[in-house]
2 protein chains.
Amino acid sequence: MVHAADEINLAMETSGSRACVGLDPRPDMIPESLQRVALDAHGDTAEAVAAAFTEFNAGIIEAIAGACAAVKPQVACYEAYGAAGWQCLLDTMAMARDAGIPVIADGKRGDLGSSAIHYRESFFGGAPGFGDKPVTGGDAQWLTVHAYLGSDSVLTILDDPAEERGVFVLVKTSNPSSGELQDINLADGEARGTNVADTVAALVHEWGSARLGQCGLSDVGAVVGATYPDDARRLRKKMPNTLFLVPGYGAQGASAADALAGARSDGSGVLVSSSRGITAAWTKTDTDDFAGSARQALDAMNADLSQG
Amino acid sequence: MVHAADEINLAMETSGSRACVGLDPRPDMIPESLQRVALDAHGDTAEAVAAAFTEFNAGIIEAIAGACAAVKPQVACYEAYGAAGWQCLLDTMAMARDAGIPVIADGKRGDLGSSAIHYRESFFGGAPGFGDKPVTGGDAQWLTVHAYLGSDSVLTILDDPAEERGVFVLVKTSNPSSGELQDINLADGEARGTNVADTVAALVHEWGSARLGQCGLSDVGAVVGATYPDDARRLRKKMPNTLFLVPGYGAQGASAADALAGARSDGSGVLVSSSRGITAAWTKTDTDDFAGSARQALDAMNADLSQG
């Protein structure tokens, strides 16, 4: 068993990249040639969309393997297409694993008790059948989660003891309205922090403190948006041993320096996510070479981050 | 178009019930006779589990129709079984609609921007294909959601203007660790409330205030656990026009009086959820009449709530 943080850390070292490529396919991002093949085979159905997404992701994964630290399928894009979409998600996760790329399922799940166990099964496998062996489940290494229900919910999803799966807890998100709840200030007597995001950060640190890999990072990571670099610097102090997953670079307007604001003093501990900026790069060219364009965009992102 | 709150309100009046039946199937809850049929048809696979869940839910839905206000499938139970599980979820929602029962998808989703739109498509339908018409999507009326990302996330999921879909925002959950984040106290200057759950409640009230149905309730509901009745009473004052979805009755130890603590002064505005207490009632009998046992348990719950 390889600890989830060690696996990501190794992928960062081997690839020389801190990039996490978001796999968020949508119909308007699929080249017409792939659309046509799928329509011929399946008609104008969810199955056609799912089949085209799978072909598209296969091309992207082949092109980016070895040049990124992880991939991050956005679960919403897949489940919008029902059963066919879910199969595409599972196939995408398996293709990434086969290509040696760690998978972060961006599902933002958050539920209690037995439901947390079922979400673990959905993304990490092990759902029981009617016999005595597990029948199915996904094969991600990490899942993004909400902490609003507290430790019942977050810790139930993890293996015990720390092994090959991890979670990224939403701490400070990149969107404009993230402050409505995350930035509100706490009363003086509250021990964990001065605002809500701080408090979640302190919980993340507590949950992860006994779950470190050999690289010194824990399997309880944090989502910290690149659009709020001052928050990232403050939150790093609350979470010294936490891997940050950083959305908001590129499409949402944050620079490389913003995205790396939460890095540890040696530059480690940050994984920067980009989705459309890479996978839809071909739409800004005059070709339909989506895979080659994605690799070029990823190379440019890697260069930008290594100067950032 | 019927406003989502009016539809639930009508179902409460017609059935005389405030019960929401949780459809949270798990393999150990399925009678052996149904297991055997599914194993014969599909072997020891996820498909077998999903086929048995569908049969089981069909029996439950037929038995409880007309005697409950809503059903609430727990999405985690289905997606743990991959594509077959998702198809079962969609079929279950359709069967409930065909039986005239409003459906609350308990997915606890929470994401921003375009991902929020995809979650809306997952549960409310309308996902685009490669042609000019939507190709798929669920047919729930309500979805449970996290508010941690703020209004970007919650309001994007809703129709605009208010129509036949609604959300239940997690405000105060029923689990033991819910207070870790939800109960922390805020600084004096914070305008929306004295703790985090209060603040989410104030946001729910703001979001819903211009979205009332004819019954006077909005399509932005709130999850308020029965296990914290004092909180429910306090939160009702913050959310006078909000439909409460109340988990924790029965299996989690809350009484009818606890579950109804958040009702409005006329007794309205509360939907009380029970899952295993109804659908697994047969396991405490010496028969495998799961449907009949569920109806008996529901009748008993309805009687308990009307005295509570």
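Residues numbered from 1 in each chain as written. Chains lettered and ligands numbered in written order. Predicted model: local features only at pLDDT ≥ 70, side-chain atom pairs only at ≥ 80, totals over all residues.

Enquirer: What is the right way to look at the overall build of chain A in this model?
Expert: Counting its regular elements, chain A contains 13 helices and 10 strands. Here the C-alpha atoms of chain A give a radius of gyration of 19 Å, agreeing with the 19 Å that 2.2 N^0.38 yields for 308 residues. If one aligns the C-alpha atoms of chain A with their principal axes, the spans along those axes are about 65 × 55 × 35 Å. Within the span of chain A, comprising 308 residues, buried residues form 63% of the whole. By sequence separation, contacts in chain A at least 24 residues apart represent 70% of the contacts at least 6 residues apart. (Helix = DSSP H or I, 4+ residues; strand = E, 2+ residues; numbered from the N terminus. Rg over C-alpha atoms; globule rule 2.2 N^0.38 Å. Buried ≥ 20, exposed ≤ 12 C-beta atoms within 10 Å, placed from the backbone. Contact = placed C-beta atoms within 7 Å.)

Enquirer: Explanation requested: the interface of chain A and chain B in the structure shown.
Expert: Listed per partner, the contact involves 64 residues of chain A and 63 residues of chain B. Of the residues forming the side of chain A that touches chain B, the biggest block, 6 residues, is contributed by helix α6 (residues 113-124) of chain A. Taken together, the residues of the side of chain A that touches chain B sort by class into 30 nonpolar, 25 polar and 9 charged. (Nonpolar A, V, L, I, M, F, W, Y, C, P; charged D, E, K, R; others polar.)

Enquirer: Got a minute to help me understand the pairing of strand β6 (residues 142-145) of chain B in this structure?
Expert: Each regular strand displays side chains that alternate between the two surfaces of the sheet. Residues and elements named next belong to chain B. Residues Trp-142 and Thr-144 of β6 are buried on one face, and the alternating residues Leu-143 and Val-145, pointing to the opposite face, are buried as well. Summarising the sheet, strand β3 (residues 104-109) and β6 pair through 3 bridges and their orientation is parallel. When the bridges of β6 are listed, Arg-109 appears paired with Val-145. Crossover handedness for the path β6 to helix α7 (residues 151-157) to strand β7 (residues 166-172): right-handed. (Pairing = 2+ DSSP bridges. Right-handed = clockwise from strand over helix to strand, strands pointing away.)

Enquirer: What am I meant to see in the environment of Pro-27 of chain A here?
Expert: Inspection of the secondary structure assignment puts Pro-27 of chain A in the loop between β1 (19-23) and α2 (32-42). Sequence separation between Pro-27 of chain A and Ala-48 of chain A is 21 residues; the distance between their C-alpha atoms is 9.9 Å. Residues in contact with Pro-27 of chain A, not counting those within four places in the same chain, are Val-49 of chain A together with Pro-128, Gly-129 and Phe-130 of chain B.

Enquirer: Just to check I follow, could you spell out the sheet that holds β1 of chain A for this structure?
Expert: Hydrogen bonds between backbone groups are what pair the strands of a sheet, and the pairing can be parallel or antiparallel. All names here are of chain A. The strand order across the open sheet formed by 8 strands is β2-β1-β10-β9-β8-β7-β6-β3, and the pairing between neighbours is parallel. The outermost strands of the open sheet, each flanked by one partner alone, are β2 (70-73) and β3 (104-109). Across the sheet, the axes of successive neighbouring strands diverge by a mean angle of 30°, strand direction being ignored. The pairing of β1 with β2 spans 4 bridges and is classified as parallel. Note on β2: the bridge partner recorded for Val-21 is Val-71. (Axes fitted to C-alpha atoms, helices over the stretch in contact; angles between N-to-C directions.)

Enquirer: Help me understand the packing of helix α2 (residues 32-42) of chain B against helix α3 (residues 46-64) of chain B, please; the structure alone is not making it clear to me.
Expert: Relative placement of two packed helices is described by the angle separating their axes and the distance separating the axes. Residue and element names in this part refer to chain B. Packing of α2 against α3 leaves a shortest axis separation of 8 Å and a crossing angle of 140°. It follows from the interaxial angle that α2 and α3 lie oblique. The element α2 and its partner α3 pack so that their crossing is right-handed. For the pair α2 and α3, the contacting residues are Leu-34, Gln-35, Ala-38, Leu-39, Ala-41 and His-42 in the first and Glu-47, Ala-48, Ala-51, Ala-52, Glu-55 and Phe-56 in the second. Tallied by class, residues from the contact of α2 with α3 come to 8 nonpolar, 2 polar and 2 charged. (Parallel < 35°, antiparallel > 145°, perpendicular 65-115°, else oblique. Left-handed = near helix turned anticlockwise from the far one by under 90°.)

Enquirer: In this structure, what is going on with the confidence of the model for chain A? I would like to understand it.
Expert: In regions of low pLDDT, the predicted coordinates are not meant to be interpreted in detail. Summing up the model confidence of chain A, the mean pLDDT is 95 and the portion of residues at 70 or higher is 100%. Here the predicted complex carries an ipTM of 0.97, next to a pTM of 0.97. (pLDDT = per-residue confidence, 0-100.)

Enquirer: Sorry if this is basic, but what is going on with unusual backbone geometry here?
Expert: If a residue is not glycine, its phi is most likely negative; likewise, a peptide bond is most likely trans. The backbone phi angle of Lys-108 of chain A is positive, close to 45°, even though this residue is not glycine. Residue placement: Lys-108 of chain A occurs in strand β3.

Enquirer: Can you walk me through the relation of the copies chain A and chain B in this structure?
Expert: Each of the two chain copies can be generated from the other by rotation about an axis followed by a shift along it. When chain A is fitted to chain B, the best match, at an RMSD of 0.0 Å, comes from turning it 180° and sliding it 0.0 Å along the axis. Such a turn and shift between the copies fits a two-fold axis. (Least-squares fit on C-alpha atoms with pLDDT ≥ 70 in both.)

Enquirer: What exactly am I supposed to notice about the nonpolar core here?
Expert: One broad rule of soluble globular proteins: the nonpolar side chains tend to lie buried together. The biggest cluster of nonpolar side chains holds 220 residues, and the ones touching the most others in it are Val-169 of chain A together with Val-169 of chain B. When sequence neighbours within four positions are dropped, the list of residues in contact with Val-169 of chain A reads Val-145, Ala-147, Val-154, Val-200, Val-204, Val-220, Ala-222 and Val-223 of chain A. (Core = buried A, V, L, I, M, F, W, Y, C linked by C-beta atoms within 7 Å.)

Enquirer: Can you walk me through the sheet that holds strand β9 (residues 244-246) of chain B in this structure?
Expert: Residues and elements named next belong to chain B. Spatial strand order, β2-β1-β10-β9-β8-β7-β6-β3: 8 strands in an open sheet with parallel pairing. At either margin of the open sheet sits one strand with a lone partner, and together these are β2 (70-73) and β3. Taken over all neighbouring pairs, the strand axes of this sheet differ in orientation by 30° on average, direction set aside. As paired elements, β7 and strand β8 (residues 220-224) share 5 bridges and run parallel to each other.

Enquirer: Even after reading the chapter, I still don't get helix α1 (residues 4-15) of chain B, so can you show me in this structure?
Expert: Since one α-helical turn is 3.6 residues long, residues separated by three or four positions face the same way. Residues and elements named next belong to chain B. If you check α1, its first and last C-alpha atoms are 17 Å apart, about what 12 residues at 1.5 Å a residue would give, namely 16 Å. Of all the positions in α1, only Ala-4, Ala-5, Glu-7, Ile-8, Asn-9, Ala-11, Met-12 and Ser-15 are classed as buried. Next to the buried residues of α1 lie β2, β6, β7 and β10 (270-274). Positive phi shows up at Gly-16, right after α1, with a value of about 65°. (Expected span 1.5 Å × (residues − 1).)

Enquirer: Help me understand helix α3 (residues 46-64) of chain A in this model?
Expert: All names here are of chain A. When the terminal C-alpha atoms of α3 are compared, their 27 Å separation across 19 residues agrees well with the 27 Å that a helix rising 1.5 Å per residue should span. For α3, the buried fraction is high: 15 of the 19 residues fall into the buried class. Looking one or two places after α3, you find Gly-66, whose phi comes out positive at around 85°.

Enquirer: It is not clear to me how the packing of helix α5 (residues 82-98) of chain A against helix α5 (residues 82-98) of chain B should be interpreted in this structure. Could you clarify?
Expert: For the pair α5 of chain A and α5 of chain B, the least separation of the axes is 8 Å and the interaxial angle reads 160°. It follows that α5 of chain A is roughly antiparallel to α5 of chain B by the angle criterion. As for how α5 of chain A packs across α5 of chain B, the hand of that crossing is right-handed. Facing Gly-82, Ala-83, Trp-86, Gln-87 and Leu-90 of chain A of α5 of chain A, the residues of α5 of chain B in contact are Gly-82, Ala-83, Trp-86, Gln-87 and Leu-90 of chain B. Looking at side-chain class alone, the contact of α5 of chain A with α5 of chain B contains 6 nonpolar, 4 polar and no charged residues.

Enquirer: How should I be thinking about the environment of Leu-271 of chain A in this particular structure?
Expert: All names here are of chain A. Structurally, the position occupied by Leu-271 is in strand β10 (residues 270-274). Sequence spacing of Leu-271 and Met-12 is 259 residues, and the spatial spacing of their C-alpha atoms is 8.6 Å. The residues touching Leu-271, leaving out its near neighbours within four places in the chain, are Ile-8, Arg-18, Cys-20, Ala-69, Ala-70, Leu-243, Phe-244, Leu-245 and Val-246.

Enquirer: Hey, could you run me through the environment of Arg-211 of chain B in this one?
Expert: Residues and elements named next belong to chain B. Take Arg-211: it is sitting in the loop between α9 (196-208) and β8. Of the residues examined, Arg-211 has 22 C-beta atoms within 10 Å and is grouped as buried. Taking C-alpha positions, Arg-211 is 9.8 Å from Asn-241, a pair spaced 30 residues apart along the chain. When neighbours within four sequence positions are excluded, Arg-211 is seen to be in contact with Ala-162, Ser-218, Asp-219 and Val-220.

Enquirer: Just to check I follow, could you spell out the pairing of strand β6 (residues 142-145) of chain A for this structure?
Expert: Two elements, β6 of chain A and strand β7 (residues 166-172) of chain A, share 4 bridges in a ladder whose sense is parallel. Pairing of Leu-143 of chain A across the sheet is with Val-167 of chain A, part of β7 of chain A.

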